[in-house]
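Okay, here's what each chain looks like letter by letter:
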Amino acid sequence: MSRTLARVERLLKEWFAANARDLPWRRTRDPYAILVSEVMLQQTQVDRVVPRYLAWLERWPSVEALAGASAAEVIREWQGLGYNRRGLALHRAARHVAENGCPGDLTELPGVGPYTAAAIRCFALGEDVLPVDVNVERVQRRTRHVFAASSAQALMDLGATICLARVPRCGVCPLATMCPSRGIREEPARKQGAFEGSFRQRRAATLRIVANASRKLAELDDEAVRSLERDGLVVVAENQVALPS
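None of the values given here were measured: they were computed from a predicted structure.

### Considering the overall build of the protein
No. 1: Looking only at helices and strands, one finds eleven helices and three strands in the protein.
No. 2: With the principal axes as the frame, the protein shows a C-alpha extent of 70 × 40 × 25 Å.
No. 3: Out of the 245 residues belonging to the protein, those deemed buried represent 43%.
No. 4: Excluding contacts between residues fewer than 6 apart, the proportion of contacts in the protein whose partners are at least 24 apart in sequence is 54%.
No. 5: For the protein, the exposed area adds up to about 13200 Å²; of that, 50% sits on carbon and sulfur atoms.
No. 6: In the protein, the 35 positive side-chain charges and the 28 negative ones have mean positions that sit 7 Å from each other.

### Digging into the sheet that holds strand 1 (residues 215–216)
No. 1: Pairing is antiparallel in the open sheet, where three strands are placed in the order 1-3-2. Each edge of the open sheet carries a strand with a single partner, namely strand 1 and strand 2 (235–237).

### As for the side chain of Glu38
No. 1: With respect to the element layout, Glu38 can be found in helix 2 (residues 31–41).
No. 2: In this structure, Glu38 is buried with no salt-bridge partner, the nearest side chain bearing the opposite charge being Arg26 at 8.3 Å.
No. 3: Excluding residues that lie within four positions of it along the chain, Glu38 makes contacts with Tyr115, Thr116, Ala119 and Phe123.

### Points about the nonpolar core
No. 1: Counting 52 residues, the largest nonpolar core has Trp56 and Leu158 as its most contacted members.
No. 2: Ranked by residues supplied to this core, first place goes to helix 2 with seven residues.
No. 3: Here Trp56 is in contact with Tyr32, Val36, Met40, Leu66, Val74, Glu77, Trp78 and Leu90, once residues within four sequence places are set aside.
No. 4: Core analysis: the next-biggest nonpolar cluster, separate from the first, contains 15 residues, Leu88, Val210, Leu228 and Leu243 among them.

The rules behind each value
Residues numbered from 1 in each chain as written. Predicted model: local features only at pLDDT ≥ 70, side-chain atom pairs only at ≥ 80, totals over all residues. Heavy atoms only, no water. Helix = DSSP H or I, 4+ residues; strand = E, 2+ residues; numbered from the N terminus. Buried < 20%, exposed > 50% of the residue type's maximum accessible area, 1.4 Å probe, protein only. Contact = heavy atoms within 4.5 Å. Areas by Shrake-Rupley, 256 points an atom, 1.4 Å probe, with all protein chains shown as cover. Lys, Arg positive; Asp, Glu negative; His and termini not counted. Charge placed at Lys NZ, Arg CZ, Asp CG, Glu CD. Pairing = 2+ DSSP bridges. Salt bridge = Lys/Arg side-chain N within 4 Å of Asp/Glu carboxyl O. Core = buried A, V, L, I, M, F, W, Y, C linked by side-chain atoms within 4.5 Å.

Here is the structure:
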């Protein structure tokens, strides 16, 4: 490691020691708990995830417990987190592990891509692998440094709270004096369309209705039902729509 990189890493870790976010998944090395947190955090804000993560682990504290749940129970518990397919993928991953053990290549698990696999390897298994999410990528790109896996949590917090995409807070950044991108702003990434009035809202509303009780197909939004059916979130039989068992 070069002297410059060593100094940058030291400054980052000193900042993190004083400013780290207190997040419950940082208090465990359980691969299952880390997997739950990472899947929930996909496209969902941290503040929304924290209480749902705690409630999930209270209900299903182990991969075996989740594997023993029904798909319907999982879908109901996931309500409100959005992108319900994530919940089903997590459930399928738990069943795979319970039945076959954990694969050597974690991306073989449903819903686990390269980033999530790297996060489990780093945070749960202690491997020297840096999980690169959008925050880590931004900090590395702006500083032009490739950081060690031991800096992963610090990079995530710096990117989430200081090294922001559109309006970076360079004045309070611990790496500002050594950052070649200081003061540079970026165009915001294309945002997803508004939820209100969208097809996503129609899907969510339909799934919420079916989660309460099975309904006749004629009573529901047919297009939304067919979309949910393709994703495995509902089953349609004899013109009745219900959650999968």
